[in-house]
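Listed here are the chains, written in short residue letters.
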Amino acid sequence: MKRRVFLGTVGSTASLGTLAYATRGASDTLEVRIWLSERAATYDGVTDRIRSYLDETLAFEYWSLEASIGGTVSVSTEDAAHLTRRGEWPMAVASGTLGGRDLEPASDVNLLVTDGGMERAPTGYGVPHIASVGGARHLAALESLDDVVTGDARVIAPNTTPVRTMQVLLHEIGHALGLNHEDGAAFVYDGALTATPMLSSYVWDPEYESDASPCGSAIPAPADRKRALSFAFSSCARRRLANYDGELPF
């Protein structure tokens, strides 16, 4: 795969500007680096839990996952979406490459986890190569994948706050790798309306186009069905990830 390493600066914080890159040699490794805000770092086991879930959910035959820990960063707010949407986290990643901060970016995904709340959307944000999500306390409380899922091949789990937080984390990583909401899917399993990471809780949003057909299949009507979440990316999302080469438009 063709990979890129950050070498630039961010322009307008409203648009996130343009990041300049230098191309590095071909690689079949997907690099994901995880940073914690200072408050997020006060919870034991957050990074270990994230890495264990990434090892399972991003373990595809077309790359070797390398999930590493970047360390702790100081942020102006625990609002994870705000930090990326307004440019603070992208600028930190860019300036870290230039030596402005003690921060060495990964080539593919630079994930910031904060202690922001998970009650009101948006609870995270993702742009090419950069993602952020709140809910560190919920990630610390999340059980192992084997203890959470129902055993189905589609890795289905109940719609609890810790489970939803981890799925939002996968959702934002998906955006960082170029996926969109249209790469998500929903289906009914054991009576529950179940959403994959890129569709996530949008499936229950009354303002979302419920008759849309992401991945070529209609979204089942929520009705009074139970809610569940899947940690498995949809088939069309996996096809797009198979073609990922680091070349993402801004």
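Notes on the structure follow. Here the structure is a predicted model, which means the values were calculated and not measured.

Before going further, it helps to spend a moment on the packing of aromatic side chains. Taken as a whole, this structure holds 5 aromatic pairs when the rule is applied. Ring plane angle 55° and centroid distance 5.8 Å describe the contact between Phe-60 and Trp-63, whose orientation is recorded as tilted. When the centroid spacing of 5.1 Å and the interplanar angle of 80° are considered together, the rings of Tyr-62 and Trp-63 count as edge-to-face. No difference in accessibility class separates Tyr-62 from Trp-63, as the two residues are buried. Joined through ring pairs, the aromatic side chains of Phe-60, Tyr-62 and Trp-63 make up one cluster.

With that out of the way, let us pick up the pairing of strand β5 (residues 109–113). For a regular strand, side-chain orientation follows a simple rule: the groups alternate between the two sheet faces. Within β5, 5 of the 5 residues are buried, which leaves the element mostly enclosed by the surrounding structure. Here β5 shows no split at all, with Val-109, Leu-111 and Val-113 on one side and Asn-110 and Leu-112 on the other all buried. In this sheet, β5 lies alongside strand β3 (residues 29–37) in parallel orientation, the contact comprising 5 bridges. Counterpart to Arg-33 in the pairing with β5 is Asn-110. Summarising the sheet, β5 and strand β7 (residues 130–133) pair through 4 bridges and their orientation is parallel. Residue Asn-110 lies in a different strand from β7, and its bridge partner there is Ile-130.

On the surface, Asp-55, Glu-56, Glu-143, Asp-146 and Asp-147 cluster together to form a negatively charged patch. Looking at the negative patch, the elements that each hand over two or more residues are α1 (46–57) and α5 (145–148). Locating Asp-55 in the fold gives a position in helix α1.

Next up on the list: the side chain of Ser-37. Here Ser-37 is to be found in strand β3. Side chain to side chain, Ser-37 and Glu-78 meet in a polar contact 2.8 Å long. Non-local contacts of Ser-37, meaning those with residues more than four positions away in its chain, are made with Thr-72, Val-73, Val-75, Glu-78, Leu-112, Val-113, Thr-114 and Asp-115.

Criteria and cut-off values
The numbering scheme is per chain: residues are counted from 1 as the chain's sequence reads. Only residues with pLDDT of 70 or above have their local features reported here, since the model is predicted, and side-chain atom pairs are shown and tallied only from 80 upward, although totals for entire chains, interfaces and linings are computed over all residues. Side-chain figures throughout are based on the complete set of non-hydrogen atoms in the structure, without hydrogens or water. Aromatic pairs are defined between Phe, Tyr and Trp rings, using the six-membered ring for Trp, whenever the two ring centres lie within 6.5 Å; interplanar angles under 30 degrees are classed as stacked, those over 60 as edge-to-face, and all others as tilted. Here's how the labels work: a residue is buried when its accessible area is under 20% of the maximum for its type, exposed when over 50%, partly exposed in between, all with a 1.4 Å probe on protein chains only. Working definition: helices are DSSP H or I runs of at least four residues, strands are E runs of at least two. Numbering for both runs from the N terminus. We treat two strands as partners when DSSP finds at least two bridges between them. Only residues whose relative accessible area exceeds 30% and that form no salt bridge are eligible for patches; like-charged ones are grouped when within 9 Å, while nonpolar side chains (Val, Leu, Ile, Met, Phe, Trp, Tyr) are grouped when within 5 Å. Values of accessible area rely on a 1.4 Å probe in the Shrake-Rupley scheme; residue burial ignores everything except the protein chains shown. We count a salt bridge whenever a side-chain nitrogen from Lys or Arg sits within 4 Å of a carboxyl oxygen from Asp or Glu. In this tally Asp and Glu are treated as negative and Lys and Arg as positive; neither His nor the chain ends contributes. We put the charge of a Lys on NZ, of an Arg on CZ, of an Asp on CG and of a Glu on CD. Pairs of N or O atoms within 3.5 Å make up the polar contacts considered here, provided that, within protein, one atom can donate a hydrogen while the other can accept it, and that residues adjacent in sequence are counted only when both atoms are side-chain atoms. Note on definitions: a residue-residue contact is assigned when non-hydrogen atoms from the two residues lie within 4.5 Å.

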